[in-house]
Structures are given as C-alpha cells and as structure tokens.
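Per-entry structural report
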Amino acid sequence: MSQTQAPTAAAPSPSDWCAQMQAKIMAVLDAAWDLAEHSTDPAVIALAREKAKACGQMAATVRKVATMVPVPKAAKSEHPLDVIEDFVGRLDKATKAPEPPSNPPAAQAVAMRAALRKLGRR
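Residues numbered from 1 in each chain as written. Predicted model: local features only at pLDDT ≥ 70, side-chain atom pairs only at ≥ 80, totals over all residues. Heavy atoms only, no water.

**A short note on the overall build of the protein**
- Looking only at helices and strands, one finds four helices and zero strands in the protein.
- Helices and strands appear in the protein in the N-to-C order α-α-α-α.
- Per-residue burial over the protein gives 7% buried out of 122 residues.
- Of the roughly 11,400 Å² of accessible surface on the protein, a fraction of 62% belongs to carbon and sulfur atoms. (Helix = DSSP H or I, 4+ residues; strand = E, 2+ residues; numbered from the N terminus. Buried < 20%, exposed > 50% of the residue type's maximum accessible area, 1.4 Å probe, protein only. Areas by Shrake-Rupley, 256 points an atom, 1.4 Å probe, with all protein chains shown as cover.)

Written as structure tokens, this is what we have:
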C-alpha cells in the first residue's frame, strides 16, 4: 500500500490563489505582446495571438473557479442586544417618512404662480 505525503504548507486562500494566477497570466500575456510587437514574421504573430487567446480562456476559468468559493459570513455579534438595536435602527430608517425635496421652485413655476395670483386663482 502506498502512502502519499500531505503538503506541509497550507493551501493559499482563494483570493491569494486568484492574485497569483492573475500575475502569472499577465506575465505570459506581456511576453506574448512583446513577441508580437518586435516581430514582423506572421508565424510569430500568430503564435503570440494563440498565447493571448489561451491566457483569456485561462483567466475566464480562474474567474469561474473564484466565484465558486463562498464569501465568508460576517462574524456573529456576541451580544443579542446588538442585533436588536441594529434591527430597530433599520426599522426606524425604513418607516421614517422621506423629507420633501428642499430645492427652490424653478423660475418658470414662480412666474406662473405670480400670474395665477394676479388672475385671482391659486
């Protein structure tokens, strides 16, 4: 029976892994870009395009893998009163009547109101 050795170093966090992969992909993409910029050979340019295309596909896959990792939940409050106070605060905000806008009326509205007052209307 064979035994496998567990890695001694801890696995990187998903965000660290994504950052490392992005750095590697960008390095390869930069190299392909330099290769295409400094060459007039169509075969070399085609190879650089293939590398860039592969980098794009790899980046898309890395993004998909990164979205599979659940977002860590916020730490629960130690005091139940904090939860209640937070709920009451949000409830107060939700039930408070919105304040009317304090913008001054438009000049056209002011002139129209003055004209209506002269005519004896509201």
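Now that the structure has been shown, the text picks up again.
**Topic: a nonpolar patch on the surface**
- Taken together, Leu-81, Ile-84, Phe-87, Val-88 and Leu-91 make up a surface patch of nonpolar side chains, about 480 Å² in accessible area.
- Relative to the helices and strands, Val-88 is located in helix α3 (residues 80–95).
- Under the relative-accessibility criterion, Val-88 is labelled partly exposed at 39%. (Patch = residues over 30% accessible without salt bridge, like charges linked within 9 Å, V, L, I, M, F, W, Y side chains within 5 Å. Salt bridge = Lys/Arg side-chain N within 4 Å of Asp/Glu carboxyl O.)

**Section: helix α2 (residues 42–68)**
- Between its first and last C-alpha, α2 extends 40 Å over 27 residues, near the 39 Å set by a 1.5 Å rise per residue.
- Within α2 the residues assigned to the buried category are Ala-48, Cys-55, Ala-59 and Val-62.
- Turning to α2, the residues buried within the fold contact α1 (14–37). (Expected span 1.5 Å × (residues − 1). Contact = heavy atoms within 4.5 Å.)

**Some thoughts on the nonpolar core**
- Core analysis: the biggest nonpolar cluster contains six residues, these being Cys-18, Met-21, Ile-25, Cys-55, Ala-59 and Val-62.
- For this core, the secondary structure elements donating two or more residues are α1 and α2.
- Excluding its chain neighbours within four sequence positions, the residues that come into contact with Val-62 are Trp-17, Cys-18, Met-21 and Ile-25. (Core = buried A, V, L, I, M, F, W, Y, C linked by side-chain atoms within 4.5 Å.)

**Here we look at the pattern of salt bridges**
- For the coordinates displayed, the defined rule picks out one salt bridge.
- Notably, a salt bridge pairs Asp-86 with Arg-90, separated by 3.4 Å at the nearest N-O pair. Taken as a pair, Asp-86 and Arg-90 lie in helix α3 at a separation of four residues, close to a single helical turn.
- Judged by its relative accessible area of 44%, Asp-86 is partly exposed.

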